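So the chains spell out like this:
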Amino acid sequence: MHDEPLGDAPLAVADARSVDSADLVTNHLIYPHRRGQTFAMLYNPAHAWHHLPGMTRDEVLAFVHFDHRCAHDGVPRGVPHTAFEHPATPPHARPRESLELRVLALLDS
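Parameters and conventions
Residues numbered from 1 in each chain as written. Predicted model: local features only at pLDDT ≥ 70, side-chain atom pairs only at ≥ 80, totals over all residues. Heavy atoms only, no water. Helix = DSSP H or I, 4+ residues; strand = E, 2+ residues; numbered from the N terminus. Buried < 20%, exposed > 50% of the residue type's maximum accessible area, 1.4 Å probe, protein only. Contact = heavy atoms within 4.5 Å. Areas by Shrake-Rupley, 256 points an atom, 1.4 Å probe, with all protein chains shown as cover. Pairing = 2+ DSSP bridges. Axes fitted to C-alpha atoms, helices over the stretch in contact; angles between N-to-C directions.

Participant: Which parts of the structure should I look at to understand the overall build of the protein?
Facilitator: Within the protein one finds zero helices and five strands. For the protein, the sequential pattern of α-helices and β-strands runs β-β-β-β-β. Each of the 109 residues in the protein was classed as buried or not, and the buried ones make up 17%. Taking as baseline every contact in the protein between residues at least 6 positions apart, the subset at least 24 positions apart corresponds to 64%. As displayed, the protein has an accessible area near 9,000 Å², and 57% of this comes from carbon and sulfur atoms.

Right, dumping it as structure tokens:
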């Protein structure tokens, strides 16, 4: 088990308020037995990105990926996120290990 902080490909999240809906484009996912969609994001210098350097195995970041109630009213729908190549990464940094867990929450409003 590795206890040292992550040194390679840190996680970055965009402030959803800085992302215009025109920046989001449909990204089709085509698999042998199913199809799906996600959003890809076009570059816009107005995007406000924040990264989480040095995360350890016992740290978790939870965020809203999509909220259908906000899909058409101009409110941010979710938090765009990605891993990225950080220019300060040491040449022999431990490779990123990523675990994604999705939870579907249905709430009465």
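Don't stop here, the text continues.
Participant: When you look at the sheet that holds strand β5 (residues 81-83) in this model, what are you seeing that I'm missing?
Facilitator: Taken together, the three strands give an open sheet; going across it, the order is β4-β1-β5, and neighbouring strands pair in antiparallel fashion. The sheet is open, and its two edges are formed by β4 (49-52) and β5, each paired on a single side. In this sheet, neighbouring strand axes are inclined to one another by 25° on average, regardless of whether the strands run parallel or antiparallel. For strand β1 (residues 11-14) and β5, the ladder comprises three bridges, and the chain directions are antiparallel. Bridge assignment links A12 to a residue of β5, and that residue is T82.

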